[in-house]
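Residue-level structure breakdown
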Amino acid sequence: MNAAVATVATLSEVYRTHRRRLLLWAVLVSSVVLALLARDPLVEQGLFNPEWISLGSAALLAVFAAALLCEYLDSSLGMGYGTTLTPLLLLAGFAPLQIVPAVLLSELFTGLAAGLLHHRDGNIDLRRDHQARRTFWLLATLSAVGAISAVLLAVRLSTQWFSVAIAVIVLGMGLVTLITARRRLRYRPAGILAIGSIAAFNKGLSGGGYGPLVTSGQVVSGVAPRQAVAITSMAEALTCLIGLTAYLLLGGAIDWSLALPLSAGALLSVPLATVTVRRLPEALIRGAVGVLTLTLGALLAFKLLL
């Protein structure tokens, strides 16, 4: 009972403090939903070319809602977008080379937006905080090598082995998230370098796996949780840009039917997520993300075995 009362009080405080932002958010979400619902009627009346956006209204809404929820977790906790969304889309029947460029594009936009709003909401200040600035640049310098190496491997893998690789990464990220949920150690730049290299490779290969490693890796290396979330968002945007550029240069393409609803849902989650970072029960929700990630990885592995 006390927990329910505290939750209501917290939600009321968030609404009072950020009422204008929340109202604008509600208007934007409603507008996007109406636009997605209009796709099928426009096609039926011959006013819209279905080849431009091949997914129907129901599928567009499902992708939009999944991106909205997964990116809310990601921008709030620094993890959970690609790690949970990629296996969901694979289970829905999309091909890996459809999913990964679309996820990278949407996270490029949201990483930039989340970084700006984390600064605005006081979760981080790279101008004055030397340790936070150093951590960001350590992670940023690793993005090129890790992401490009992963893309070079991804474009050579068959769809089956690509899916297997993603399933293994997702299962591993779920375990890492659960194991590191409550750990705290002193600041270790070497640990951040090692974790950042692996995370950038994971991001380029699967579209996910960056946040769980980098956020938890920063925390166990001594970075404050709120700063770790903000730094992850900004460093992830650079990793996505490099990975997406490599895919396109190697002959890949962006599936706009998937990329547009993903980008819209992910971007619209950011204003809501950055105002709730300080109020979230971090260890509990991080554990929930770990359980969800493990579950999705197990489901994906089970589907591949059938």
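Small disclaimer: the values here were computed from a predicted structure and weren't measured. (Residues numbered from 1 in each chain as written. Predicted model: local features only at pLDDT ≥ 70, side-chain atom pairs only at ≥ 80, totals over all residues. Heavy atoms only, no water.)

**Looking at the overall build of the protein**
Note the cut-off: A helix here means a DSSP run of H or I that spans at least four residues, while a strand means a run of E at least two residues long, and both kinds are numbered starting from the N terminus. Only protein chains enter the accessibility calculation, which uses a 1.4 Å probe; a residue is then buried when its area is under 20% of its type maximum, exposed when over 50%, and partly exposed in between. The contact definition used throughout considers only heavy atoms, calling two residues in contact when any of these lie within 4.5 Å. A 1.4 Å probe and the Shrake-Rupley method give the accessible areas. Residues count as covered only by the protein chains that appear here.
The number of helices and strands found in the protein is 13 helices and zero strands. When the helices and strands of the protein are listed from N to C terminus, the series reads α-α-α-α-α-α-α-α-α-α-α-α-α. Residues classed as buried in the protein amount to 50% of the 306 residues present. The long-range fraction of contacts in the protein, counting pairs at least 24 apart against all pairs at least 6 apart in sequence, stands at 83%. Accessible surface, the protein: about 13,800 Å² in total, of which carbon and sulfur atoms supply 70%.

**A few points about the environment of Ser54**
For Ser54, the position within the fold is in the loop between helix 3 (39-44) and helix 4 (57-77). Here the alpha-carbon distance between Ser54 and Ser257, two residues 203 residues apart in the chain, equals 5.9 Å.

**What to know about the nonpolar core**
For the record, the criterion: For this analysis, a nonpolar core means a set of buried residues of the types Ala, Val, Leu, Ile, Met, Phe, Trp, Tyr and Cys, connected via side-chain atoms within 4.5 Å.
Membership of the largest hydrophobic core comes to 36 residues, with the highest contact counts inside it found for Tyr81, Leu89, Ile99, Leu258 and Leu262. Looking at this core, the elements that each hand over two or more residues are helix 2 (19-37), helix 4, helix 5 (81-91), helix 6 (96-120), helix 7 (130-154), helix 11 (225-249) and helix 12 (256-274). If one sorts the elements of this core by residue count, helix 6 sits on top with seven residues. In this structure, Tyr81 is in contact with Ala67, Cys70, Glu71, Asp74, Thr86, Val103, Ser106, Glu107, Leu262 and Ala266, ignoring residues within four places of it in sequence. Counting residues in each nonpolar core, the second largest holds 16 residues, with Phe136, Ile231, Met234 and Ala235 among its members.

**Looking at the packing of aromatic side chains**
In plain terms, the rule: Aromatic rings from Phe, Tyr and Trp, with only the six-membered ring used for Trp, were paired whenever their centres fell within 6.5 Å, and each pair was classed as stacked if the ring planes differed by under 30 degrees, edge-to-face if by over 60, and tilted otherwise.
Tallying each qualifying case throughout the model produces one aromatic pair. With a centroid separation of 5.6 Å and 85 degrees between ring planes, the pair formed by Phe48 and Trp52 is classed as edge-to-face.

**Description of the confidence of the model for the protein**
Quick reminder of the rule: Note: pLDDT gives the predictor's confidence per residue, expressed from 0 to 100.
With 68% of its residues at a pLDDT of at least 70, the protein reaches an overall mean of 76. When pLDDT is averaged over each helix and strand of the protein, the minimum, 57, is found for helix 1 (residues 2-17) and the maximum, 91, for helix 3.

**Some points on the pattern of salt bridges**
A side chain of one charge can pair with a side chain of the opposite charge when the charged atoms of the two come close. The criterion, for reference: Put simply, a salt bridge is a Lys or Arg side-chain nitrogen that is within 4 Å of an Asp or Glu carboxyl oxygen.
For the coordinates displayed, the defined rule picks out one salt bridge. Arg39 is the salt-bridge partner of Asp40, the closest N and O atoms lying 3.0 Å from each other.

**Remarks on helix 2**
Put simply, the rule reads: The length a helix should cover is 1.5 Å for every residue beyond the first. The arc under discussion is defined with respect to the helix axis, by the directions toward the C-beta atoms.
For helix 2, which comprises 19 residues, the first-to-last C-alpha distance of 27 Å matches the rise-based estimate of 27 Å (1.5 Å per residue) to within 8%. Those residues of helix 2 that sit buried are Arg21, Leu22, Val29 and Leu36. Projection of helix 2 onto a plane perpendicular to its axis shows the buried side chains occupying an angular sector of 90 degrees, all on one side. Along helix 2, the residues that are exposed and aim more than 90 degrees away from the buried face are Arg20, Leu24, Leu34 and Ala35.

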